[in-house]
Amino acid sequence: MKVLVIGGGAREHALCRSLSLDPDVTALHCAPGNAGIAEVAELHAVDALDGAAVAALATELGAELVIVGPEAPLVAGVADAVRAAGIPCFGPSGEAAQLEGSKAFAKDVMAGAGVPTARSYVCATPEEVEEALDAFGAPYVVKDDGLAAGKGVVVTDDLEAARAHANACDRVVIEEFLDGPEVSLFAITDGTTVVPLQPAQDFKRALDGDEGPNTGGMGAYSPLPWADPKLVEEVMETVLQPTVDELRRRGTPFSGLLYAGLAITSRGVRVIEFNARFGDPETQVVLARLKTPLAGVLLASANGTLADLEPLRWSENAAVTVVVASYNYPDTPRTGDPITGLDAVAAEDAPHAYVLHAGTRNEGGAVVSAGGRVLSVTAIGSGLIEARERAYAAVARIGLEGSQHRTDIAAKAAAEA
């Protein structure tokens, strides 16, 4: 199978790494990719938001499966263009991707499907914002209605900060605060059948102890030793299957990756948000534990044959990912800094630990930073303690001036496991 992956972050590197290990994949391409992906796939220049250009590239390459990684191309309808060219594509239609593209749309779907979520108001004027903030009180949860690369949500006790964020957006969803730990659960679907993956937990705040500003995610781990063994089954029954059924009922069937961000509250599981693609950095740890070859699973989603699939096989190992970010992230990050130590990790830590590139590029034969989140250092171990030790040992070998990373990824869960 010839496969083309669209995107250039650590999520796409994780996908490409898994696909490169799949014996059914005979040729692997990525557009636009990054410095790390170049080691396992042939890179091509393309505007990922241009459906016609992506479809033309896939046709030229003779791709038999296209995987659209990031949310913006999905919302822009890139998967539709690929399918219109007669090529199987993993990823929802532009219409179905509104599940992530619009928080208000997602709330409407959840209401129709009877999915448990936070009570909320959709606000378009300062007066509506004031009314909603007053109704819920602190802590305030204010979400930009549109795509914001994981950074459109403000959770704060500061009324002024909540008001400022709300009024800076065209339309916002203001909702009640959900207590309890958060869990990410991915599911692969063809629009009818839903196949859940293993749950993971990510760390959104920039600093240790869940302090500092919200980010796209600073690390993740899987499995979750503290979670109820029946969690996946419960989320399948109350969240994932009803959502897929509701979207099909509306005439906007969802095929691809449905990501549920969940809060395990004192009143039960509640949906915080949906995403329409693999999450970053959770993908890095979930795929590290998946033993079933990936390409066939994603092709079954694209072809509508998931019901015929054998049950997924998983490693008993634990996985931990630590994100190394640029100086000043999540504000405007500094880029162009050289990265050292990648060869040392490959020589000393493989195969138990490896580096997935996020914001990198090749410059004169050297790898330099090219974004906010630069690397995802991922490790596996017999348990979370060993996986953490291996991940942080690899992080210590990497040099990037002014870089930052959290030192407490999976620490609490490892201590309690």
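For the structure itself, consult the block above.
Residues numbered from 1 in each chain as written. Predicted model: local features only at pLDDT ≥ 70, side-chain atom pairs only at ≥ 80, totals over all residues. Heavy atoms only, no water.

**Here's the deal with the overall build of the protein chain**
Here is step 1 of the chain: Broken down by element type, the protein chain carries 14 helices and 22 strands.
Here is step 2 of the chain: The C-alpha atoms of the protein chain give 20 Å as radius of gyration, which agrees with the globular expectation for 417 residues (22 Å, within 12%).
Here is step 3 of the chain: Taking the principal axes of the C-alpha coordinates as reference, the protein chain spans close to 55 × 45 × 40 Å.
Here is step 4 of the chain: The buried share of the protein chain, taken over its 417 residues, is 56%.
Here is step 5 of the chain: Accessible area for the protein chain stands at about 16,400 Å²; split by element, carbon and sulfur atoms hold 50% of it. (Helix = DSSP H or I, 4+ residues; strand = E, 2+ residues; numbered from the N terminus. Rg over C-alpha atoms; globule rule 2.2 N^0.38 Å. Buried < 20%, exposed > 50% of the residue type's maximum accessible area, 1.4 Å probe, protein only. Areas by Shrake-Rupley, 256 points an atom, 1.4 Å probe, with all protein chains shown as cover.)

**Details of the nonpolar core**
Here is step 1 of the chain: If you look at the biggest cluster of nonpolar residues, it comprises 75 residues, and the most contacted ones within it are Leu4, Val66, Leu240 and Val320.
Here is step 2 of the chain: Looking at which element gives the most residues to this core, the answer is helix H9 (residues 231–249), with 7 residues. (Core = buried A, V, L, I, M, F, W, Y, C linked by side-chain atoms within 4.5 Å.)

**Overview of the sheet that holds strand E18 (residues 318–325)**
By definition, the strands of a sheet pair up through backbone hydrogen bonds, in either a parallel or an antiparallel sense.
Here is step 1 of the chain: The strand order across the open sheet built from 5 strands is E12-E15-E18-E22-E19, with neighbouring strands paired in antiparallel fashion. Only two strands of the sheet have a single neighbouring strand rather than two, namely strand E12 (201–202) and strand E19 (353–357).
Here is step 2 of the chain: Packing against the sheet, helix H1 (residues 10–20) makes contact with E19 and strand E22 (373–381), and its axis sits at approximately 125° to E19.
Here is step 3 of the chain: Lying on the sheet, helix H13 (residues 384–397) is in contact with strand E15 (219–222), E18, E19 and E22; it crosses E18 at an angle near 30°. (Pairing = 2+ DSSP bridges. Contact = heavy atoms within 4.5 Å. Axes fitted to C-alpha atoms, helices over the stretch in contact; angles between N-to-C directions.)

**Thoughts on a negative patch on the surface**
Here is step 1 of the chain: Taken together, Glu127, Glu128, Glu131 and Asp134 make up a surface patch of like negative charges.
Here is step 2 of the chain: On the accessibility criterion, Glu128 (36% relative accessible area) is partly exposed. (Patch = residues over 30% accessible without salt bridge, like charges linked within 9 Å, V, L, I, M, F, W, Y side chains within 5 Å. Salt bridge = Lys/Arg side-chain N within 4 Å of Asp/Glu carboxyl O. Lys, Arg positive; Asp, Glu negative; His and termini not counted. Charge placed at Lys NZ, Arg CZ, Asp CG, Glu CD.)

**Describing the environment of Gly146**
Here is step 1 of the chain: Residue position: Gly146 is located in the loop between strand E7 (140–144) and strand E8 (153–156).
Here is step 2 of the chain: Residue Gly146 is classed as partly exposed on the basis of its relative accessible area of 23%.
Here is step 3 of the chain: Apart from the residues lying within four places of it in its own chain, the contact partners of Gly146 are Gly101 and Lys103.

**Re the packing of H1 against helix H10 (residues 282–289)**
Here is step 1 of the chain: Orientation of H1 relative to H10, taken along the N-to-C sense of each, is 15°, at an axis distance of 8 Å. With respect to each other, H1 and H10 are oriented roughly parallel. H1 and H10 meet at a crossing whose hand is left-handed. Listed contacts from H10 to Ala10, Arg11, Ala14, Leu15 and Ser18 of H1 are Thr283, Gln284 and Leu287.
Here is step 2 of the chain: Class assignment for the residues of the contact of H1 with H10 results in 4 nonpolar, 3 polar and 1 charged. (Parallel < 35°, antiparallel > 145°, perpendicular 65-115°, else oblique. Left-handed = near helix turned anticlockwise from the far one by under 90°. Nonpolar A, V, L, I, M, F, W, Y, C, P; charged D, E, K, R; others polar.)

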